[in-house]
Amino acid sequence: MHRRQPKLGLIQETLLLTLHARALDAGRPSPVLGDTHSADLAGAIDYDFGRLKVKPSLVLTTALRAKKLDGVVRAYVAAHPGCVVLDLGCGLDTRMLRCDPPPGVDWYDIDFPEVVRLRAECLPGRSRLVEADLTSSEWLTAIPGDRPAMIVAEGLLPFMPGDSFQAMSRALTGHFPSGELALNGYTRFAAWAMKYHPAIKALGITAAQGFDDPREPESWDAGLELVEEQILARAPEVAWFPQPLRALTRLTARSTVLSRQGARVLRYRF
C-alpha cells in the first residue's frame, strides 16, 4: 500500500497530532471514541508519529472532546435535517464518517489549501472541501447562507492570532439565519501552557488564545448565547480512563476552577 507523505507547515502539522491521538484511542481495549477510521488513516501516512511524544492523557482528552462534539453535531442535525455543517480547521478529522448525517445535510470541511489537498487524497467522500484562511471571511461566499448552520471549531481557538477568532465568529453568525457554534474552550492559562506540552513543543508551536469565562463570547457582538458548558473532567467516560489518570481526573473535577483548565466543550446558539 502506498503511504502518503504529508507536506505541512507547523500549525497544519497539529492535524497529525490529533489524528494520532484518535488512532491510539481506537487501539485501546476500552476506547473512548473508537474511531477506527482514524486508525486506518494514520497507518496510511508516512510520518514519524513517535516524535510527537503523545501521552495517554492527551489521547483520552482528545478522544473525549471529539465524542462530545460529535454528540452536539448529531443532536443539531437530527433537529435540523436540512442544515449545513461547517467543520472549521477540519484537518484529517473523520467526524462526518462518525456522525453519518442524512443526505439532506450539506457538510463542509474547511482548512488551509495544503490540508484540503491532503484530505482530498486521504479522505475522499461526500463532504465539500473548502480551502480557506480562517482569518479572512472571503471563503464564506462559497457557503449557502439561507439555511441553519452547525459550526464546529475543534482545537482551533489557540492557533488563531489576536482577535481573529472573534472576527470569524461575527462573520459566521452574520452569514446564517440561525445556528450553533461548538468548540473546545481553553482558558487563558491552558492556552498559554500548551506551548510547554511535549507534543506541541515537539512541533515548535506557540499557542496563546483562550478565555476563562464561558460567557465571554456573548460579548463579541456575534449574537452568541451560551447553551451548555461540558467540563470533560466530570464526564461519565472518565470511568474508562486507566489509573492513576482516572483518580487524578476525578480529583480535579471537584474544583470548577481546576477542571476548567482542562478540556471543556462549549455550545452557543445564534
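Anything mentioned here points back to the structure above.
Residues numbered from 1 in each chain as written. Predicted model: local features only at pLDDT ≥ 70, side-chain atom pairs only at ≥ 80, totals over all residues. Heavy atoms only, no water.

Peer 1: An account of the overall build of the protein is requested, with residue identities and associated values reported.
Peer 2: Each helix and strand in the protein was counted, giving 10 helices and 7 strands. When the 270 residues of the protein are sorted by exposure, 53% land in the buried category. Considering only residue pairs separated by 6 or more positions, the protein has 74% of its internal contacts joining residues 24 or more positions apart. (Helix = DSSP H or I, 4+ residues; strand = E, 2+ residues; numbered from the N terminus. Buried < 20%, exposed > 50% of the residue type's maximum accessible area, 1.4 Å probe, protein only. Contact = heavy atoms within 4.5 Å.)

Peer 1: Break down the pattern of salt bridges for me, with residues and values.
Peer 2: Taken as a whole, this structure holds 22 salt bridges when the rule is applied. Among the ionic pairs, E154 bridges to R65, the shortest N-O distance being 2.8 Å. You can see E154 sitting in the loop between β4 (149-153) and α6 (164-175) and its partner R65 sitting in helix α3 (residues 56-79), a full 89 residues away along the chain. Pair check on accessibility: E154 and R65 agree, each one buried. With a closest N to O distance of 3.2 Å, R267 and E228 form a salt bridge. With a gap of 39 residues between them, R267 in strand β7 (residues 264-269) and E228 in strand β6 (residues 225-231) connect regions that are remote in the sequence. (Salt bridge = Lys/Arg side-chain N within 4 Å of Asp/Glu carboxyl O.)

Peer 1: Summarise the pairing of β4; cite the residues concerned and give the values.
Peer 2: Within β4, 5 of the 5 residues are buried, which leaves the element mostly enclosed by the surrounding structure. By the alternation rule, side chains of β4 split into A149, I151 and A153 and M150 and V152, which are all buried. Bridge count for β4 against strand β5 (residues 179-184) is 5 bridges, and the pairing is parallel. Within β5, the position partnered with I151 by the bridge is L181. A crossover connection joins β4 to the parallel β5 through α6; in handedness this β-α-β unit is right-handed. (Pairing = 2+ DSSP bridges. Right-handed = clockwise from strand over helix to strand, strands pointing away.)

Peer 1: A description of the pairing of β7 should follow, citing residues and the corresponding values.
Peer 2: Of all 6 residues that make up β7, 5 are buried, and the element is covered over most of its length. With 5 bridges joining them, β5 and β7 adopt antiparallel strand pairing. Following the sheet pairing, E180 is matched in β7 by R269. Relative to β7, β6 runs antiparallel, the two sharing 6 bridges. From the neighbouring strand, E228 faces β7, where its bridge partner is R267.

Peer 1: So, the environment of A233: which residues are in play, and what are the values?
Peer 2: For A233, the location among the structural elements is in the loop between β6 and α9 (245-252). When its relative accessible area of 14% is taken as the criterion, A233 is described as buried. The spacing of A233 and R260 is 27 residues in sequence and 8.4 Å in space, taken between C-alpha atoms. Apart from the residues lying within four places of it in its own chain, the contact partners of A233 are V238, T249, A253, S259 and A263.

Peer 1: Residue-level account of the nonpolar core, with values.
Peer 2: Judged by nonpolar contacts, the single largest core of 32 residues is most densely connected at L86, L88 and W139. Counting residues per element, the ones that place at least two in this core are β1 (84-88), β2 (106-111), β4, α6, β5 and β7. Look past the residues within four positions of L88 in its chain and what remains in contact with it is I110, L134, W139, I151, V152, A153, E154, L156, M168 and L172. Within the second largest apolar cluster, 26 residues are counted, among which are L69, Y76, F241 and V265. (Core = buried A, V, L, I, M, F, W, Y, C linked by side-chain atoms within 4.5 Å.)

Peer 1: I'd like a rundown of the side chain of R98, residues and numbers included.
Peer 2: Mapped onto the secondary structure, R98 falls in helix α4 (residues 95-99). Excluding residues that lie within four positions of it along the chain, R98 makes contacts with R22, L33, D35, A66, D70, R74 and D93.

Peer 1: Report on the environment of D70, specifying residues and quantitative values.
Peer 2: As for its placement among the helices and strands, D70 is situated in helix α3. Sequence separation between D70 and M96 is 26 residues, and the spatial gap between their C-alpha atoms is 8.9 Å. For D70, the residues in contact, after removing those within four places along its chain, are L33, R95, R98 and C99.

Peer 1: Tell me about the packing of aromatic side chains, and please be specific about residues and values.
Peer 2: Under the criterion given, the structure shown has 3 aromatic pairs. Between F165 and W220, the aromatic rings sit 5.9 Å apart at their centres with planes inclined by 75°, giving edge-to-face as the arrangement. Of this pair, F165 sits in helix α6 while W220 is found in the loop between α8 (198-203) and β6, placing the two residues 55 residues apart along the sequence. Judged by its relative accessible area of 0%, F165 is buried. On the basis of an interplanar angle of 90° and a centroid distance of 5.7 Å, the ring pair of F211 and W220 is categorised as edge-to-face. Here the two residues F211 and W220 agree in accessibility, since each one is buried. (Phe/Tyr/Trp six-rings, centres within 6.5 Å; stacked < 30°, edge-to-face > 60°.)

Peer 1: Now, about the sheet that holds β2: what can you tell me, with residues and values included?
Peer 2: Pairing between the strands of a sheet is mediated by backbone hydrogen bonds and can be parallel or antiparallel. A sheet is described by the order of its strands in space; here 7 strands give the open sequence β3-β2-β1-β4-β5-β7-β6, paired in mixed fashion. Of all the strands in the sheet, the pair left with one neighbour each is β3 (128-131) and β6. The average angle at which neighbouring strand axes cross in this sheet is 15°, direction not considered. Against the sheet, α3 contacts β1, β2, β4, β5, β6 and β7, and its axis sits at roughly 175° relative to β5. Sitting on the sheet, α6 touches β1, β4 and β5, and the angle it makes with β1 is about 170°. (Axes fitted to C-alpha atoms, helices over the stretch in contact; angles between N-to-C directions.)

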